[in-house]
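# Coordinates in review
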Amino acid sequence: MTPDGNSVEAPVLPKTVTAETVVDVRHWTDELFSFRLTRPASFRFRSGEFVMLGLMGEGKPLLRAYSIASPSWDDGLDFFSIKVPDGPLTSRLQHIKEGDTILLGKKPTGTLVLDALKPGKRLYMLSTGTGIAPFASLIREPDAYEKFDQIILTHTCRHVVDLGYGRQLVDSVEQDPLVGELVGGKLTYYATTTREDFPTKGRITDLIENGRIFADLGIAPLNPEEDRVMICGSMAMLQDTKSIVEDLGFEEGSNAKPGDFVVEKAFVD
Ligand code: A2P
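Below or above, wherever it landed, is the structure these notes cover. (Residues numbered from 1 in each chain as written. Predicted model: local features only at pLDDT ≥ 70, side-chain atom pairs only at ≥ 80, totals over all residues. Heavy atoms only, no water.)

## Observations regarding the sheet that holds strand S11 (residues 261-265)
The sheet built from 5 strands is open, its strands ordered S9-S8-S7-S10-S11 with parallel pairing. Edge positions in the open sheet fall to strand S9 (187-193) and S11, since each of these has one partner strand only. Here the average twist between neighbouring strands, direction ignored, is 10°. Along the sheet face, helix H4 (residues 164-174) touches strand S8 (150-157) and S9 and points at about 170° away from the line of S9. The strands that helix H8 (residues 235-247) touches are strand S7 (122-128), strand S10 (227-233) and S11; relative to S10, the one it contacts most, it runs at about 165°. (Pairing = 2+ DSSP bridges. Helix = DSSP H or I, 4+ residues; strand = E, 2+ residues; numbered from the N terminus. Axes fitted to C-alpha atoms, helices over the stretch in contact; angles between N-to-C directions. Contact = heavy atoms within 4.5 Å.)

## Observations regarding a negative patch on the surface
A surface patch of like charges, here negative, comprises Asp-206, Glu-209, Asp-240, Glu-246 and Asp-247. No other element matches the 3 residues that H8 contributes to the negative patch. (Patch = residues over 30% accessible without salt bridge, like charges linked within 9 Å, V, L, I, M, F, W, Y side chains within 5 Å. Areas by Shrake-Rupley, 256 points an atom, 1.4 Å probe, with all protein chains shown as cover. Salt bridge = Lys/Arg side-chain N within 4 Å of Asp/Glu carboxyl O. Lys, Arg positive; Asp, Glu negative; His and termini not counted. Charge placed at Lys NZ, Arg CZ, Asp CG, Glu CD.)

## Re the packing of aromatic side chains
One pass over the structure, following the stated rule, counts 8 aromatic pairs. Where Phe-35 meets Tyr-66, the ring centres are 6.4 Å apart and the plane angle is 70°; that geometry is what we call edge-to-face. Taken together, the positions of Phe-35 in strand S2 (residues 32-38) and Tyr-66 in strand S4 (residues 61-67) put the pair 31 residues apart, joining distant regions of the chain. Judged by its relative accessible area of 2%, Phe-35 falls in the buried class. Here Tyr-66 and Phe-79 contribute two aromatic rings whose centre-to-centre distance is 6.4 Å and whose plane-to-plane angle is 85°, an arrangement assigned as edge-to-face. Pair noted here: Tyr-66 is in strand S4 and Phe-79 is in strand S5 (residues 76-82), with a separation of 13 residues, a long-range link. Each member of the pair, Tyr-66 together with Phe-79, is buried. Feature note: the residues Phe-33, Phe-35, Tyr-66 and Phe-79 constitute an aromatic cluster, connected by ring pairs. (Phe/Tyr/Trp six-rings, centres within 6.5 Å; stacked < 30°, edge-to-face > 60°. Buried < 20%, exposed > 50% of the residue type's maximum accessible area, 1.4 Å probe, protein only.)

## Observations concerning the sheet that holds strand S6 (residues 101-105)
Here 6 strands make up an open sheet; going across it, the order is S4-S3-S6-S1-S2-S5 and the pairing antiparallel. Every interior strand has two partners, whereas the edge strands, S4 and S5, have only one. Neighbour to neighbour, the strand axes of the sheet diverge by 40° on average, direction disregarded. The pairing of strand S1 (residues 17-27) with S2 spans 5 bridges and is antiparallel. Directly across from His-27, in S2, lies its bridge partner Phe-33.

## Observations regarding the site of the ligand
Near the ligand you find Thr-128, Thr-156, Cys-157, Arg-158, Thr-194, Arg-195, Arg-203, Thr-205, Ala-236, Met-237 and Asp-240, and these make up its full shell. Cys-157 places a main-chain nitrogen or oxygen 3.4 Å from an oxygen atom of the ligand. Measuring from a nitrogen atom of the ligand, one finds a backbone N or O atom of Met-237 at 3.5 Å. Protein chains bury 79% of the 550 Å² of accessible surface belonging to the ligand in isolation. Among the detected pockets, the ligand sits in the largest pocket. Those elements that provide at least two residues to the shell around the ligand are S8 and H8. Ranked by residue count, the leading element in the shell around the ligand is H8, at 3 residues. Looking at side-chain class alone, the shell around the ligand contains 3 nonpolar, 4 polar and 4 charged residues. (Near = heavy atom within 4 Å. Polar contact = N/O pair within 3.5 Å; in protein donor to acceptor, adjacent residues only side chain to side chain. 1 Å grid on protein atoms, 1.4 Å probe; cavity = no way out; pocket = protein on both sides within 12 Å on 5 of 7 lines; lining within 4 Å. Sits in = over half its atoms within 2 Å of the grid points. Nonpolar A, V, L, I, M, F, W, Y, C, P; charged D, E, K, R; others polar.)

Structure representation (structure tokens):
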């Protein structure tokens with residue numbers, strides 16, 4: 001009610017979303033930030049999936065697809081986002097703070113899940129930019145370490161500072177009381193930059209094609225007999241990486257038909 005007695009209409013929450021609370025926000029660079037939301041008890045997902053999330057727009061919700069960056073066993077939900085200055089959602093989302101309300105879709109989905117892959121020896125998670133988000137979830141998923149002998153997480157960004165989120169993530173996973181022991185020597189982190197000096201420089205596509213990544217890690221080149229691949233990045237990165245693995249004989253998998261590799265777009269405004 002307003003002071004003059006008129007009732008104020010609360011915005012109607014669509015049935016497809018729940019209202020969640022922001023419990024943490026971290027700004028990594030001028031262009032990257034991460035945040036953590038409360039997780040409703042009814043919200044179930046498989047590590048690696050994405051969900052719609054956003055804010056109330058003018059009378060209706062403004063939602064975008066976001067990969068969930070926390071594992072399925074976690075009691076909160078983490079997300080990693082870019083800030084697009086004139087992006088309809090992220091121009092507003094980047095200003096969220098603890099205690100704010102975020103709308104969360106009820107139906108997580110996606111193909112970057114362990115179920116969509118055939119058994120194998122090594123699992124490659126190839127990411128660029130915010131495409132590391134689903135892998136932030138999967139590298140904390142105990143099943144991943146039970147199914148594979150080695151997990152190789154690659155992250156390529158333009159600048160060194162853009163690698164900060166992934167670096168800290170990998171450090172924290174190795175020390176995590178729940179999965180740290182499982183991770184043991186099984187997780188290999190391979191970070192590269194493309195526009196600034198760094199020990200490993202170059203696009204992941206080039207480093208695969210010229211063999212540098214395999215020489216650096218001391219492992220056999222990619223082959224569909226032993227390796228499985230998950231890919232997440234921009235549209236161009238997906239297309240280029242997908243055609244490299246297809247040329248090597250890898251077959252794309254899905255929830256309905258597990259295969260040798262799976263792809264997902266890193267969603268942006
Ligand atoms: P580059 O600097 O050579 O464009 P973005 O911020 O544009 O999404 O890029 C993130 C990272 O992905 C950058 O290091 C970029 O390299 C790299 N990248 C962009 N396009 C491709 C592609 N088609 N294949 C592989 N890597 C790519």
